[in-house]
Amino acid sequence: MVEAPQRRLVVQAQVVFDTRADWSGALAAARVWFETGWREFGGEICAALEAQAAGHLDPTGPLGPLGASFLMGVAGRQGDDEVVVDYGERGMREFLLALGNSSHAYLYGSQLVALGERRGPVRGNYDETPYVLKLDAYRGDDREGRFLVLTLTGPGVFLLTTPTRQGAVLGFVRAVAELGVPVFGVVGPSSRSHHWTGLERDLWTRPSETVARSLEVLRGYSWVTVVPDVLVERLGGVGKIAESGAFVRVEALRSGGVWLQATERFEDYQLPQAARVFAVLRPVLLEGAFASTFVERRKIVP
């Protein structure tokens, strides 16, 4: 029997907003997602990019002599007029201003790694370097683009290694969620398919099919799950969810939805805890859901 390859744990944070209920709040959330998210969690990638721009990259620094790669762009509502923006304060300002009329926006930063002697450096992936951060926003695939999906993805060793880092990620995601009207959210192990939840991956159900149903079904569950009020009611209300004992936090968000946190620490969210979360949320999860969406079906290393 061949052993599955070892792969680093990748973490995903995602929040989905109902733009029909509050467009200005959703847009404000998107701007904070990119500007604050990049500043708070870009860390060494940001430092390397700034050093490169100034012409004094330290070859002995965390990202080594090759430095970092950066890609930021915005596609218009028709999706056919994408603009790639340069790194820097001016580029970020242009990027944030363009979000209001975009169908898709992205910001990717990563360490550059060597790819053999005859080829130049390339952007490193999750298993080659812990220095990878992806921030993304797109309007849902329903006709009017009602739902705005914000996603942040990066290696667990980069985002959730300490209680301080975990607190920073949770605080950031919750603060963003309370800027608009959230209809879904997760923080936890990633499917590595960026927009997809672990449940969507295992059911092979695309977000293009499920995001438009955000007020009808729950697209997934994780260490932290945000559930919209309409689905909370179908689960029997906040009190019944709290009485289940599956969560250490069951808290109403300011603009709607409920924040469900399974354990205080991310590392304590293991298979038994995930099974309890699944049991509570199963009535509103995607059709065919089963309790196997904890991590990828591969051997994961920290």
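Some thoughts on the packing of aromatic side chains
Working step 1: Scanning the entire structure with this criterion turns up eight aromatic pairs.
Working step 2: Look at F34 and F95: their rings are 4.8 Å apart centre to centre, the planes differ by 80°, and that puts the pair in the edge-to-face class. Of the two residues, F34 sits in helix α1 (residues 23-41) while F95 sits in helix α3 (residues 89-98), which places them 61 residues apart along the sequence.
Working step 3: Each residue in the set W33, F41 and F172 is aromatic and connected to the rest through ring pairs, giving one cluster.
Working step 4: The ring centre of Y108 lies 5.5 Å from the NZ or CZ of K134, which sits over that ring.

Comments concerning the side chain of Q273
Working step 1: Along the chain, the position of Q273 falls in helix α10 (residues 271-281).
Working step 2: According to the relative accessible area criterion, Q273 is buried, its value standing at 18%.
Working step 3: Sequence-distant contacts of Q273, defined by excluding residues within four places in its chain, comprise T263 and D268.

A short note on the packing of α1 against α3
Working step 1: Between α1 and α3, the shortest axis-to-axis distance is 9 Å and the interhelical angle comes to 155°. The orientation of α1 relative to α3 falls into the category roughly antiparallel. Contacts between α1 and α3 involve R31, F34, E35 and W38 on the former and, on the latter, M92, F95, L96 and L97.

A word on unusual backbone geometry
Working step 1: Backbone geometry places W204, a non-glycine residue, at a positive phi of 55°.
Working step 2: Along the chain, W204 falls in the loop between α6 (198-203) and α7 (207-210).
Working step 3: Its relative accessible area of 61% is what places W204 among the exposed residues.

The rules we used
Within each chain, residue numbers correspond to sequence positions counted from 1 in written order. The predicted nature of this model means local features are confined to residues of pLDDT at least 70 and side-chain atom pairs, given and counted, to a pLDDT of 80 or more, with totals for whole chains, interfaces and linings taken over all residues. Where side-chain values are given, they derive from all heavy atoms of the structure, hydrogens and water being excluded. Side-chain rings of Phe, Tyr and Trp, where Trp is taken by its six-membered ring, are said to pair if the distance between their centres is within 6.5 Å; with planes under 30 degrees apart they count as stacked, over 60 as edge-to-face, and otherwise as tilted. A run of DSSP states H or I qualifies as a helix once it reaches four residues; a run of E qualifies as a strand once it reaches two. Both are numbered from the N-terminal end. Definition used: whenever NZ (Lys) or CZ (Arg) falls within 6 Å of the ring centre and also within 35 degrees of the ring normal, the charge is taken to sit over that ring. Only protein chains enter the accessibility calculation, which uses a 1.4 Å probe; a residue is then buried when its area is under 20% of its type maximum, exposed when over 50%, and partly exposed in between. The contact criterion used is simple: two residues touch if any of their non-hydrogen atoms lie within 4.5 Å. Angular values range over 0 to 180 degrees, each being the angle between N-to-C directions of two axes fitted as lines to C-alpha atoms, with helices fitted over their stretch in contact. Throughout this description, any angle smaller than 35 degrees is read as roughly parallel, any larger than 145 degrees as roughly antiparallel, any in the 65 to 115 degree range as roughly perpendicular, and the remainder as oblique.

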